[in-house]
Amino acid sequence: MSDTLARLNEVFHDVFQDDTIVIARQTTAADVEGWDSLMHVTLMINIEKAFGIRFSSSEVAGLKDVGELADLIEARKKP
Amino acid sequence: MTFPLTDELMEYVRAAHPRSLRGVEEARQAGGDDFGPVVEMFLTWLTAVRGRQGIVQAVDEFVKFSTEVNLAQARYEADGHYMHKSFAELLADHYSSREAMDDYLWGVFLTNVLWAHHFEICLFYRNRFLAKLPGAEAKIVEIAPGHGGWGVWALHRLAKSRLEGFDISPSSITIAGSVSAAAGVGGRARYELKDALDLAKAPPESADAVINCFLAEHLERPAKLFEVIARLLKPDGRAFVAAGLTAAQVDHIYEFRRESELVKLAEDAGLRMTESFVGSPRRTLPKAKFLPRSMALILAKRKGEFL
């Protein structure tokens, strides 16, 4: 899981163009400047590329925090 | 004036969907002094159908729908074309699911007032179309009413008018019927489960007004839609048509790229554009190639000129 969070952190840096962001499982949109609905989708597309997975729209819409996102990625990575 | 339902909606968006707040605030800014009264009217109908809890449910559905739209737009940016090509694919995957369609229609219902550029289209509809319709017993046809909000708004403003709505979705017939009843105009509205394009055989020149919002891009051959509108419209009638351009959605098939494509379809069907409005979201995806737009046209029959 820590590998997933570390890789996710890199994606956050790229998408929000801010290397100072440090995410944790409890991080939400309120903690990251500019994390609105459009940037959320941009983030998801970049995560899909980084992890080689694909999300459905209902999964993307329902995510409450980074912890849920990391869990979803882990579930997707399982064969 | 106070708008308690609108305040409740804003509070819920702020608390439960902070990522969507910026877009909703943009709609509030676009609406200006009209935002409160128009949103309150929509929410009054919504809560009369679904109860006070309906606001929370519809906002959740709106956020899900908007996310689906944004995700489809991002995939469109990558692929260069819409996801689906045929109506048959959509009928199997999308339109035939009753539960999904109910959620979808209530989500779309709120896009009318919670997307800034759609709020602008609402104002264009009210100020430039509804305001000019004849007040006396106008017969209105709504093609593909979906949630019913557009047509119900017309009945709400024109006290003696009557409306017939035709939609291919059972969810639409139920929801549009319940919204019209909630708005107190149910006695003047009739909704029928019917492919709107079958109206090509309907009595000609029978409607004072035709309303059709956001159907053309869901069709394989939108030319037929404009032919139906031209057939139904009386010589002095007016039609209001809205459609999306380079605006991906899982159920959009026909990719309009230029505003002139819609105007040409109308002209080829024997109609003339008298007014139009084009709106686009305040923000787009980073490095977007496509600008998603919504275009609304007010159309009249062509007469006394070369056809």
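These remarks concern the structure in this document. (Residues numbered from 1 in each chain as written. Chains lettered and ligands numbered in written order. Predicted model: local features only at pLDDT ≥ 70, side-chain atom pairs only at ≥ 80, totals over all residues. Heavy atoms only, no water.)

Examining the overall build of chain B
Looking only at helices and strands, chain B has eleven helices and seven strands in total. Taken along its principal axes, the extent of the C-alpha atoms in chain B is 55 × 45 × 35 Å. Taken over 307 residues, chain B has a buried fraction of 58%. Contacts spanning at least 24 positions in sequence make up 79% of the contacts within chain B whose residues lie at least 6 apart. (Helix = DSSP H or I, 4+ residues; strand = E, 2+ residues; numbered from the N terminus. Buried < 20%, exposed > 50% of the residue type's maximum accessible area, 1.4 Å probe, protein only. Contact = heavy atoms within 4.5 Å.)

Structural notes on the side chain of B:S161
Residues and elements named next belong to chain B. Among the secondary structure elements, S161 is positioned in the loop between α8 (149–157) and β2 (162–167). Take S161: its relative accessible area is 0%, and that puts it in the buried class. Among the polar contacts made by the side chain of S161, one reaches the main-chain carbonyl oxygen of L158 at a distance of 2.6 Å. Apart from the residues within four sequence positions on either side, S161 is in contact with E137, A138, I140, A154, L155 and R188. (Polar contact = N/O pair within 3.5 Å; in protein donor to acceptor, adjacent residues only side chain to side chain.)

Digging into the interface of chain B and chain A
Taken together, the 15 residues of chain B in the interface contact 19 residues of chain A. Both sides of the chain B and chain A interface together cover about 1,700 Å² of buried area, and 62% of this is carbon and sulfur. The largest share of the area that chain B buries against chain A comes from B:R19, B:L71 and B:R75, three residues that together contribute 43% of it. On inspection of chain B and its partner chain A, the count reaches three salt bridges. For A:E48, the salt bridge goes to B:R75, with nearest N and O atoms at 2.8 Å. The interface formed by chain B and chain A includes seven residue pairs in polar contact (both at pLDDT 80 or more). Within the residue set of the side of chain B that touches chain A, elements represented by two or more residues are α2 (18–31) and α4 (54–79) of chain B. Tallying contributions element by element places α4(B) first for the side of chain B that touches chain A, with eight residues. Here the side of chain B that touches chain A is composed, by residue class, of five nonpolar, four polar and six charged. (Buried area = accessible area lost by both parts, 1.4 Å probe. Salt bridge = Lys/Arg side-chain N within 4 Å of Asp/Glu carboxyl O. Nonpolar A, V, L, I, M, F, W, Y, C, P; charged D, E, K, R; others polar.)

Considering helix α6 (residues 98–114) of chain B
Residues three or four positions apart in an α-helix share a direction because the helix packs 3.6 residues into each turn. Residue and element names in this part refer to chain B. If you check α6, its first and last C-alpha atoms are 24 Å apart, about what 17 residues at 1.5 Å a residue would give, namely 24 Å. For α6, the buried fraction is high: twelve of the 17 residues fall into the buried class. Every buried residue belonging to α6 is among M101, Y104, L105, W106, G107, V108, F109, L110, T111, N112, V113 and L114, and all of these are buried. (Expected span 1.5 Å × (residues − 1).)

Re the pattern of salt bridges
All names here are of chain B. Scanning all chains against the criterion turns up 27 salt bridges over all chains. With a shortest N-O distance of 2.7 Å, R52 and E8 are connected by a salt bridge. On the criterion of sequence distance, the pair formed by R52 in the loop between α3 (35–50) and α4 and E8 in helix α1 (residues 4–16) is long-range, its members being 44 residues apart. Residues R50 and E61 are paired through a salt bridge, measuring 2.9 Å at the closest nitrogen-oxygen approach. Here R50, found in helix α3, pairs with E61, found in helix α4; they are eleven residues apart in sequence, far enough to count as distant. Judged by relative accessible area, R50 falls into the partly exposed class, the value being 23%.

Some words on the packing of helix α1 (residues 2–16) of chain A against helix α4 (residues 66–77) of chain A
Residue and element names in this part refer to chain A. Relative to each other, α1 and α4 sit at 115 degrees, their axes nearing to 10 Å. Here the hand of the crossing between α1 and α4 comes out right-handed. Note on element contacts: α4 touches α1 through V66, L69, A70, I73, E74 and K77, opposite T4, L5, L8 and F12. For the contact of α1 with α4, a count of residues per class yields seven nonpolar, one polar and two charged. (Axes fitted to C-alpha atoms, helices over the stretch in contact; angles between N-to-C directions. Left-handed = near helix turned anticlockwise from the far one by under 90°.)

Description of the nonpolar core
Residues and elements named next belong to chain B. If you look at the biggest cluster of nonpolar residues, it comprises 69 residues, and the most contacted ones within it are L9, L110, Y125, F129, W150, W153 and F240. Sort the elements by how many residues they give to this core and α6 lands first, with nine residues. Ignoring anything within four residues of it in the chain, the contact list for F240 reads I121, F124, Y125, F129, W150, V210, I211, N212, C213, A296, L297 and I298. (Core = buried A, V, L, I, M, F, W, Y, C linked by side-chain atoms within 4.5 Å.)

Quick look at the pairing of strand β7 (residues 293–301) of chain B
Residues and elements named next belong to chain B. Taking burial as the measure, the nine residues of β7 include nine buried ones, the bulk of the element. Sheet topology note: the strand β5 (residues 233–245)/β7 ladder contains seven bridges and is antiparallel. Its bridge partner being in β7, L245 is matched across the sheet by R293. Summarising the sheet, strand β6 (residues 271–279) and β7 pair through eight bridges and their orientation is antiparallel. Across the sheet, E275 pairs through a bridge with I298, a residue of β7. (Pairing = 2+ DSSP bridges.)

That's the geometry; what it means functionally is another story.
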